[in-house]
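Observations on the model geometry
Chain by chain, the residues:
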Amino acid sequence: MGESISRRMAWLLVAVTGAGAVGGIALNRGESINALWFIAAAACVYALAYRFYGAWIAARVLVLDETRATPAERLDNGRDFVPTNKWVVFGHHFAAIAGPGPLIGPTLAAQFGYLPGTLWILIGAVLGGCVQDMTIMFFSTRRDGRSLGQMARDELGPLGGAAALTGTLMIMVILIAVLGLVVVNAMKHSPWATATVAATIPIAVLVGVYMRDLRPGRVLEGSLIGLALLLFAVAGGGWIDHSETLRPLFDHEGLTLAWFVIGYGFLAAILPVWLLLAPRDYLSTFMKLGTIFLLAIAIVLLRPEIRMPALTQFIDGSGPIFGGKLFPFVFITIACGAVSGFHSLISSGTTPKLLANERDIRMIGYGGMVLESFVAIMAMIAATVLDPGVFFAINSPAGVVGKEAADAVAKISSWGFPVTVEQMQMLAREMGEKTLFARTGGAPSLAVGMASIFGSAFGDGLLALWYHFAIMFEAVFILTTLDAGTRVGRFMLQDFLGNFSPRLGQTSWYPSVLLTSAIIVAAWGYFLYIGVIDPNGGVNILWPLFGISNQMLAAIALSVATGILVKSGKLRYAWVAGVPLAWLAAVTTTAAYEKIMSADVRIGFFAAANDLAAKLAAGKLPPEKAAVAPQLIFNQQLDAWLTLFFVAVLWVVIFDMLRVCARHLQGKTVVPLSEAPHEPSRLVEDWVRD
């Protein structure tokens, strides 16, 4: 009894602390607020949500059954279906879902101020993102590890299933293109960053060969060697940067780097998984978790002040980084830090094939997304501890603030965020860069913020090293998701083409591997190309499309989850998935409408295309922009039609789900549940739950 009261009092204290921290963030209107409030608010909100809401969904809504055999046990083949220790699965799952979204989205959304993004990261994750990941993982586990598209086809029927499958594949292309754009913008004309990122590829291959052939089973040895080499790569990049001979070999334009990234994506898709993807995922998990927790410790020690205001004047849609008002674009921009549709592709078809026990679904599904959301909070802090003038100087494209440094600082200072040319030059020297002006994409400014925190907490004499360590950290996040996404896209395309040619559907047939890999890479490579040649840095074109498509994919996943809950006789619990579905449908549809119909050239795709066409016809464009204008006009129009297509796909899936639910509630015939029959688990209990 005493122990129970103590636990309740402890959780009450967590709740009061969390409420106080969130209230402090939301209500503060002073000059600044300490970053420690963000850490306290996040820790308390996540702990309460995981302990109570996540546990309630697991016990009452999904009814996890730890005595039931999972697909990994029933279909164990030592290759795709393998019962795996829950901590190993958690690491694999987190490495796969943790892409650049939770790093870049909050950084870009900071143009609205720290408050809107922070609140959405906390609320959206625990009520939307975590719920999506856990429910989809559960339903896939109960259906032999089927993918999201296959579950949509099985549970909703051919129309909703076909829409979901087609939409998911095309959305994947956009997601991967944006990943490539972020890493290209981070490496552009930065020999140190380029050399460091390039070194991670042979390091991953070396570790893969070492652990498979040279020293089989010596996982610890391989891990230590890999981590040591990654850290050496950061230091070695600095040596290359200061070498007159080697520096030019790694100093490239964005387009050249884009071709390198495209080539890497193709190799990652066709090489054996153990050679590149597996060791990269494995090493990146250590790097990701280690860096995030090191950053959290540094923030606790340093207690930096947040310098960005709670709200900026750009909530009216006039922001320099991207156009659009606070609603709906803060939700579209944050994306993965709160809700990520990409996660549903990992939570279905991939992770369920490794789960040894249903009991682990809450920890891996809900808990994995909690950890990713914490990454987003760290990114928000790192972005907002910078002077606002510095933040906007780094992230504002030259097409908005001007190519010359003097013009840029004058423009940014006129917004009420003073910054000087000398200040930016000194910061660039400290970070080991030639310039930090117009380094769009979010990654460079995030790296500057992280380096500033690390430098202040652990020694500012190594700022350049910290900066490039942060760039490598971001690149590891990005490339891990880029290569995994390319491979998943290949599997999806092979599954689709298998309907027409069974041979093309064989994932092990090498001609099919080469053909489908080339198609997928060419598709996202094209969108990467248009982002790179865009004079405004590509972010204003691709990131809104990325955010809209990502959130639409999450809405498709939640539609499938809602439909399954209703068909399972759990109508009273359908709101668990239905409420976040309704919110995402409203947000994405509004954002899509504005991107298609807005007359503002900084928001509407068609408006931007028409404006550029008129300027080209009137001869008002400078020669370098006129040369790429026809391509940019076509691309803006293509983005508009793609957005329209994604909206149509989403509402086809939603209406098909509502049709199936209505028929079920009326007692009419619907597609039966595709859940696999119950089989008791025979795995040794203490091995499973260790």
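Since we're looking at a predicted model, the values are computed, not measured. (Residues numbered from 1 in each chain as written. Predicted model: local features only at pLDDT ≥ 70, side-chain atom pairs only at ≥ 80, totals over all residues. Heavy atoms only, no water.)

1. Things to note about a nonpolar patch on the surface
On the surface, Ile5, Met9, Leu12 and Val16 cluster together into a nonpolar patch covering about 380 Å² of accessible area. Looking at the secondary structure, you find Val16 in helix H1 (residues 2-27). Residue classification places Val16 among the exposed positions, given a relative accessible area of 53%. (Patch = residues over 30% accessible without salt bridge, like charges linked within 9 Å, V, L, I, M, F, W, Y side chains within 5 Å. Areas by Shrake-Rupley, 256 points an atom, 1.4 Å probe, with all protein chains shown as cover. Salt bridge = Lys/Arg side-chain N within 4 Å of Asp/Glu carboxyl O. Helix = DSSP H or I, 4+ residues; strand = E, 2+ residues; numbered from the N terminus. Buried < 20%, exposed > 50% of the residue type's maximum accessible area, 1.4 Å probe, protein only.)

2. A few points about helix H18 (residues 405-414)
Residues of H18 that are buried: Ala408, Val409 and Ile412. Around the axis of H18, the buried residues are gathered within 90 degrees of arc, so they sit on the same side. Against helix H16 (388-395), helix H17 (398-401) and helix H19 (421-430) lie the buried residues of H18. Trailing H18 by a residue or two, Gly416 shows a phi angle of about 100 degrees, which is positive. (Arc of directions from axis to C-beta. Contact = heavy atoms within 4.5 Å.)

3. Quick notes on the packing of helix H2 (residues 36-62) against helix H6 (residues 114-141)
Running from N to C, H2 and H6 point in directions that differ by 25 degrees, and their axes come no closer than 11 Å. Judged by the inter-axis angle, H2 sits roughly parallel to H6. Here H2 and H6 pass one another in a crossing that is right-handed. In this structure, H2 contributes Phe38, Ala41, Ala42, Val45, Tyr46, Ala49, Tyr53, Gly54, Ile57, Ala58 and Leu62 to the contact, and H6 contributes Tyr114, Thr118, Ile121, Leu122, Val126, Leu127, Val131, Met134, Thr135, Phe138 and Phe139. For the contact of H2 with H6, the residue count by class is 19 nonpolar, three polar and no charged. (Axes fitted to C-alpha atoms, helices over the stretch in contact; angles between N-to-C directions. Parallel < 35°, antiparallel > 145°, perpendicular 65-115°, else oblique. Left-handed = near helix turned anticlockwise from the far one by under 90°. Nonpolar A, V, L, I, M, F, W, Y, C, P; charged D, E, K, R; others polar.)

4. Notes on the pattern of salt bridges
Counted by the stated rule, this structure contains 12 salt bridges. Here Lys615 makes a salt bridge to Asp611, at a shortest N to O gap of 3.4 Å. Note that Lys615 and Asp611 are positioned in helix H25 (residues 605-617) at a spacing of four residues, about one turn of the helix. Its relative accessible area of 35% is what places Lys615 among the partly exposed residues. The network of salt bridges with common partners includes Arg68, Arg142, Glu358 and Glu675.

Coordinates in, geometry out; function isn't part of it.
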